[in-house]
Amino acid sequence: MKDVRAGSEGQCQRKRVFIRTYGCQMNVYDSDRMADVLRPLGYALADTPEQADLVVLNTCHIREHASEKVYSELGRLRDTKAERRAAGGDLTIAVAGCVAQAEGEEIARRQPAVDIVVGPQAYHRLPELLAEAERKLAILRAGKRLPGAGVLDTEFPAESKFDHLPSPQGVRAGSAFLSIQEGCDKFCTFCVVPYTRGAEYSRPVSAVLAEARQLVAAGAIELTLLGQNVNAYHGEAPDGATWSLARLIRELAEIEGVARLRYTTSHPRDMDDDLIRAHGEVPQLMPYLHLPVQSGSDRILEAMNRRHGRALFLDIVDRLRSVRPDLALSSDFIVGFPGESDADFDDTMRLIDQVGFASAFSFKYSRRPGTPGATLQDQVPESVKSARLAALQALLGRQAREFNASKVGATVPVLFAESGRKPGQIIGKTPWLQSVYAEGNPRLIGHVVDVRLIEGHPNSLAGEIVTGSYGVAA
Ligand code: SAH
Ligand code: SF4
Ligand code: F3S
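The text that follows walks through the structure, step by step, so that each part is easy to find. Keep in mind the model is a prediction, meaning the values are calculated, not measured.

## Remarks on the nonpolar core
Judged by nonpolar contacts, the single largest core of 54 residues is most densely connected at I180, L225, L245, I249, Y263, M271 and F357. Sort the elements by how many residues they give to this core and helix α8 (residues 205-217) lands first, with six residues. Ranked by size, the runner-up nonpolar core spans 22 residues in total, among them M34, V37, A96 and A133.

Below you can see the structure in the form of structure tokens.
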């Protein structure tokens, strides 16, 4: 969870917005775009909900726990709103993101303090929605009733939000997200994304290149291309041709100043030959790939409708490693999908053993209303899911520690991103996306610097800056 905090906005702004972001990087990107759309309306960013006139919760629906968190946060906001009103003020509460899309009006029914519910494809309409909420509120006030104003927009409009949202304003610490693709047509049987984000859509090539140039001009040296299925990208080029992700990456690498390129999240089915080759040919493409596999059992992969088996995944890994031997792999795993037997789970453990992951995310299967998985017989008991998750995470944790340890002693380029908690400490990322802590001047933030790695930990490394290496690109 990340909060969009106050930047360098002036003090003279009249209104303040606090945006809380849950879920994936696409939501992080969208939260920034919402801030951009609200800025011309006079909204500066607030550090806390207490300082804000408007609070936006940019929500995630992927697992039950993620969406339930939103309601506890809304309960707290309702109290803040009531206190404000008692003191003659007010607080506008907006719910955005995937819970907004999935639950729509139900949100305002469960928590009447909510004023606006806006789905991920309608953020460019936020100004109208705010104006409408204010109008409704004035009417409600006249009638002395105090619920939320109840404005809803969860349509998938014909126009793309990307054509109507302002372009990014500013880059944090040399690194920027760039959404190039949204939505999903794959319909894995456990997943809500096709319902919350809608059909697959690729932004046109010219829009992506223009945004990339703008981000670089604003100080980005690392671009992370985002999409729910980013490697299914098939954007239209100005000459009418369709570009794949590989083609786009090759073009982005030509932009002067782009030192690092990454993309996430990819699907094994869309790892085409050209994309695999690009990993060996484009030096800016970092040697790290997040490639979710979910399970190592063919039976479960089929039931999940992943549209590939274990063999294809292993083959992709081999081909990637043959063009880029130092490639670090990361993945997502689900344990306890309906019908998963001990033997299926063993297949997953064997796949992990065989591949060796540098990092991973793993989850207990969560039944999501409206998905085919939710109605399957043979749901796995919670205690079995917990035991499998613990075993899987122990193995993955061991692999992550081994991977970090294998880099100790090496000198690697690190892109510094932020100050650490300890005074004088700065934190950055290696090409393999490991976090590195080092003593260094905060002016190195946003730059790539050579660092000697001296100590490996489960989730990070300690390093020493190699003096004289400032300004190294890559
Ligand atoms: N588009 C990506 C994944 C997006 S969701 C892909 O195709 O891989 C991120 C991760 O959340 C998924 O990879 C999956 O591991 C997990 N996830 C999604 N739905 C889930 C559910 N119902 N229960 C548990 N984990 C889930
Ligand atoms: Fe969900 Fe599957 Fe689409 Fe990924 S590919 S977003 S897991 S439906
Ligand atoms: Fe969550 Fe929506 Fe992203 S459900 S993971 S915020 S696409």
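Let's pick the thread back up.
## Some thoughts on the environment of A133
Topologically, A133 is positioned in helix α5 (residues 126-142). Residue class for A133 comes out buried when judged on its relative accessible area of 5%. Put simply, A133 and Q111 are 22 residues apart on the chain and 16 Å apart in space, counted from C-alpha to C-alpha.

## Concerning the environment of A278
Its place among the elements puts A278 in helix α10 (residues 273-281). Expressed as a C-alpha distance, the spacing of A278 and N441, which sit 163 residues apart in the sequence, is 35 Å. Setting aside residues up to four positions removed in sequence, A278 forms contacts with R250 and L285.

## Structural notes on helix α1 (residues 25-38)
End to end, α1 covers 20 Å across 14 residues, agreeing with the expected 20 Å (1.5 Å per residue, within 8%). Within α1, 13 of the 14 residues are buried, which leaves the element mostly enclosed by the surrounding structure.

## With respect to the site of ligand 1
If you check the shell around ligand 1, you find 16 residues, and the closest are F190, Q228, Q294, D332 and S366. At a separation of 2.7 Å, a nitrogen atom of ligand 1 approaches a polar backbone atom of Q228. Out of a free accessible area of 550 Å², ligand 1 has 89% covered by protein chains. Secondary structure elements with two or more residues in the shell around ligand 1: β16 (328-335) and β17 (359-364). Here the residues of the shell around ligand 1 are counted per class, giving six nonpolar, five polar and five charged.

## Comments concerning the sheet that holds β16
The strand order across the open sheet formed by three strands is β15-β16-β17, and the pairing between neighbours is parallel. Each having just a single partner strand, β15 (288-290) and β17 make up the two edges of the open sheet. Averaged over all neighbouring strand pairs, the angle between strand axes comes to 10 degrees, with direction disregarded. The pairing of β15 with β16 spans three bridges and is classified as parallel. For H290, the partnering residue across the bridge sits in β16 and is S330. Against the sheet, helix α14 (residues 382-406) makes contact with β16 and β17, and its axis sits at roughly 175 degrees relative to β17, the strand it touches most.

## Details of the pairing of strand β5 (residues 92-96)
Across the five residues that make up β5, a large majority, five, are buried. Relative to β5, strand β4 (residues 54-59) runs parallel, the two sharing five bridges. Each residue of the ladder has a partner; that of L54, found in β5, is T92. Taken together, β4, helix α2 (residues 64-86) and β5 form a β-α-β motif whose crossover is right-handed. Sheet analysis places β5 next to strand β6 (residues 116-118), joined by three bridges and oriented parallel. Looking at the pairing, A96 lines up with V118 of β6.

## Quick look at the side chain of S295
Tracing the chain through its elements places S295 in the loop between β15 and α11 (298-303). Among the polar contacts made by the side chain of S295, one reaches the main-chain amide nitrogen of S297 at a distance of 3.0 Å.

## Focus on the packing of helix α12 (residues 310-323) against helix α13 (residues 342-355)
Packing of α12 against α13 brings their axes to within 11 Å, and their N-to-C directions diverge by 10 degrees. Judged by the inter-axis angle, α12 sits roughly parallel to α13. When α12 is examined against α13, the residues R310, F313, L314, V317 and R321 are found in contact with a partner set consisting of D347, R350, L351, Q354 and V355. Here the residues of the contact of α12 with α13 sort into five nonpolar, one polar and four charged.

## Structural notes on the pattern of salt bridges
By the definition in use, this model includes 32 salt bridges. Here K81 makes a salt bridge to D115, at a shortest N to O gap of 2.6 Å. Residue K81 is located in helix α2, and its partner D115 is located in the loop between α4 (105-110) and β6; the two are separated by 34 residues in the primary sequence. A residue is classified by how much of its surface remains accessible, and K81, at 2% relative accessible area, is buried. Classification of D115 as buried rests on a relative accessible area of 3%. Residue E281 is joined to R250 by a salt bridge in which the shortest nitrogen-to-oxygen separation is 2.8 Å. Of this pair, E281 sits in helix α10 while R250 sits in helix α9 (residues 245-252), and the two are 31 residues apart along the sequence. Owing to a relative accessible area of 46%, E281 belongs among the partly exposed residues under this scheme. Of the residues examined, R250 reaches a relative accessible area of 26% and is grouped as partly exposed. Via salt bridges that share partners, D30, K161, E182 and R197 belong to a single interconnected network.

## Focus on the site of ligand 3
Close to ligand 3 lie C24, N27, T59, C60, H61, I62, C98, R197 and Q228. The residue inventory of the shell around ligand 3, partitioned by class, reads four nonpolar, four polar and one charged.

## Quick notes on the packing of aromatic side chains
The full count for this structure, using the stated rule, is seven aromatic pairs. Seen in terms of ring centroids, F187 and Y195 are 5.6 Å apart; in terms of plane orientation they differ by 75 degrees. Their pairing is edge-to-face. In this structure Y195 comes out as partly exposed when scored by relative accessible area, which is 37%. On the basis of an interplanar angle of 85 degrees and a centroid distance of 5.5 Å, the ring pair of F333 and F357 is categorised as edge-to-face. Of this pair, F333 sits in strand β16 while F357 is found in the loop between α13 and β17, placing the two residues 24 residues apart along the sequence. By the ring-pair criterion, three or more aromatic residues cluster together here, those being Y29, F162 and Y201.

Rules of the game
Residues numbered from 1 in each chain as written. Chains lettered and ligands numbered in written order. Predicted model: local features only at pLDDT ≥ 70, side-chain atom pairs only at ≥ 80, totals over all residues. Heavy atoms only, no water. Core = buried A, V, L, I, M, F, W, Y, C linked by side-chain atoms within 4.5 Å. Buried < 20%, exposed > 50% of the residue type's maximum accessible area, 1.4 Å probe, protein only. Helix = DSSP H or I, 4+ residues; strand = E, 2+ residues; numbered from the N terminus. Contact = heavy atoms within 4.5 Å. Expected span 1.5 Å × (residues − 1). Near = heavy atom within 4 Å. Polar contact = N/O pair within 3.5 Å; in protein donor to acceptor, adjacent residues only side chain to side chain. Areas by Shrake-Rupley, 256 points an atom, 1.4 Å probe, with all protein chains shown as cover. Nonpolar A, V, L, I, M, F, W, Y, C, P; charged D, E, K, R; others polar. Pairing = 2+ DSSP bridges. Axes fitted to C-alpha atoms, helices over the stretch in contact; angles between N-to-C directions. Right-handed = clockwise from strand over helix to strand, strands pointing away. Parallel < 35°, antiparallel > 145°, perpendicular 65-115°, else oblique. Salt bridge = Lys/Arg side-chain N within 4 Å of Asp/Glu carboxyl O. Phe/Tyr/Trp six-rings, centres within 6.5 Å; stacked < 30°, edge-to-face > 60°.

No statement about biological role is implied by the geometric values presented.
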